[in-house]
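Structural characterization, general
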Amino acid sequence: MDMTALYRISYGMYVVGAMDGERPVGCVINTCMQITAEPPTVAISLNHDNYTHSMIEKTGRFSISVISEQTPPPVISVFGFRSSKDYDKYSVCPHEMMNGLPVIREKSCANFICRVVGSHDMGTHTVFFAEIEDAVNGENLPPMTYEYYHKVVKGKAPAKAPTYQQEVKVNQPVSGEKNYVCTICGYVHEGSLENEPDDYVCPVCGVPKSKFRPQ
């Protein structure tokens, strides 16, 4: 079975927010869809090991911020590759509170406030069904699709994402140089890192080049 066929299914990119007491927490997801129009209901999928997952289970509420193609890279790197359990993500990313939940407003397309009305355990992930309590439009920008994230941003799916697939090695450059892969997010730098400046950082997750390894 060719698992890469799954890449042909269309996805978007979203930041899901929740509350841990008085502290906002959140993560990036790529599975969110509208289920019904009346009442307006959506479904999202989160990994059991994700800290935001446990807070949604506890509180029964979450926010969704629709990421645009112009969303600042730190939003993806912080919310996609760090854990809210031990890192205050919202302290380094501009946000606002909307009906008691955190939302990303800068360069986002829309924001939603949701109340969980049901869930289904899928083994590694939980699918939460939620009614939309409030919704506002953001900036008039194209939403970031998962295809755009892969092809333009050149990002990879985090290990906890429902679409995660183990990295397949690609052919090395004709020159014989090795490619280097970021050990944090999986971004592949084509060719040697020697010509990159000392302050070079991964364009997806922002870690220094010391975190790259030969592919």
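Placed above this text is the structure.
Everything numeric here is computed off the predicted structure, so don't read it as measured data. (Residues numbered from 1 in each chain as written. Predicted model: local features only at pLDDT ≥ 70, side-chain atom pairs only at ≥ 80, totals over all residues. Heavy atoms only, no water.)

Notes on the overall build of the chain
- Summing up its helical and strand segments, the chain has three helices and 12 strands in all.
- Looking at the chain residue by residue over its 215 residues, the buried ones come to 44%.
- Here the contacts in the chain between residues at least 6 apart in sequence split such that 60% fall between residues at least 24 apart.
- As presented, the chain carries roughly 11,700 Å² of accessible surface, and 51% of it is formed by carbon and sulfur atoms. (Helix = DSSP H or I, 4+ residues; strand = E, 2+ residues; numbered from the N terminus. Buried < 20%, exposed > 50% of the residue type's maximum accessible area, 1.4 Å probe, protein only. Contact = heavy atoms within 4.5 Å. Areas by Shrake-Rupley, 256 points an atom, 1.4 Å probe, with all protein chains shown as cover.)

Comments concerning the side chain of Asn111
- Looking at where Asn111 falls in the secondary structure, it is placed in strand β8 (residues 108-121).
- There is a polar contact of 2.7 Å between the side chain of Asn111 and the side chain of Ser65.
- Beyond its immediate stretch of four places on either side in the chain, Asn111 contacts Ile64, Ser65, Met98, Val103, Ile104, Arg105, Asp134, Ala135 and Val136. (Polar contact = N/O pair within 3.5 Å; in protein donor to acceptor, adjacent residues only side chain to side chain.)

A closer look at the pairing of strand β1 (residues 14-20)
- Within β1, six of the seven residues are buried, which leaves it mostly tucked inside the rest of the structure.
- Across seven bridges, the pairing between β1 and strand β2 (residues 23-29) is antiparallel. Bridging across to β2, Met19 finds its partner in Pro24.
- Inspection of the sheet shows β1 paired to strand β5 (residues 61-67) by four bridges, in the antiparallel sense. For Val16, the partnering residue across the bridge sits in β5 and is Ile64. (Pairing = 2+ DSSP bridges.)

Here's the deal with the environment of Asn140
- Among the secondary structure elements, Asn140 is positioned in the loop between β9 (125-137) and α3 (146-151).
- As for Asn140 and Lys107, which are separated by 33 residues in sequence, their C-alpha atoms are 8.7 Å apart.

Here's the deal with the sheet that holds β1
- If you walk across this open sheet you meet the seven strands as β2-β1-β5-β8-β9-β4-β3, and the pairing is antiparallel. Unpaired on one side and paired on the other, β2 and β3 (32-37) mark the two borders of the sheet. Across the sheet, the mean angle from the axis of one strand to that of its neighbour is 35°, orientation sign disregarded.
- Sitting on the sheet, helix α1 (residues 51-59) is in contact with β1, β2, β4 (40-47), β5, β8 and β9, with an inclination near 60° to β1. (Axes fitted to C-alpha atoms, helices over the stretch in contact; angles between N-to-C directions.)

Considerations on the sheet that holds strand β11 (residues 188-189)
- Across the sheet, three strands lie side by side as β11-β10-β12; this open sheet has antiparallel pairing. In this open sheet, the two edge strands, each paired with only one partner strand, are β11 and β12 (212-214).
- Where strand β10 (residues 180-182) meets β12, three bridges bridge the pair, whose relative direction is antiparallel. Bridge assignment links Cys182 to a residue of β12, and that residue is Phe212.

With respect to the nonpolar core
- One finds Val15, Phe79, Tyr149, Cys182, Cys185, Tyr187 and Cys202 to be the most contacted residues of the largest nonpolar core, which totals 27 residues.
- Counting residues per element, the ones that place at least two in this core are α2 (73-81) and α3.
- No other element matches the five residues that α2 contributes to this core. (Core = buried A, V, L, I, M, F, W, Y, C linked by side-chain atoms within 4.5 Å.)

Observations regarding unusual backbone geometry
- Of the consecutive residues Glu38 and Pro39, the connecting peptide bond is found in the cis state with omega at 0°.
- Among the secondary structure elements, Pro39 is positioned in the loop between β3 and β4.
- One non-glycine residue, Asn99, adopts positive backbone phi at about 55°.
- Among the secondary structure elements, Asn99 is positioned in the loop between β6 (96-98) and β7 (101-103).

What to know about α1
- The set of residues buried in α1 consists of Thr52, His53, Met55 and Ile56. One side of α1 carries all its buried residues, which in axial view fall inside an arc of 165°. Opposite its buried face, α1 presents the exposed residues Glu57 and Lys58, each directed more than 90 degrees away.
- Contact partners of the buried residues in α1: β1, β2, β4, β5, β8 and β9.
- Here α1 starts with a cap whose side-chain oxygen sits 3.0 Å from the backbone nitrogen of Thr52, and that cap is Asn50. (Arc of directions from axis to C-beta.)

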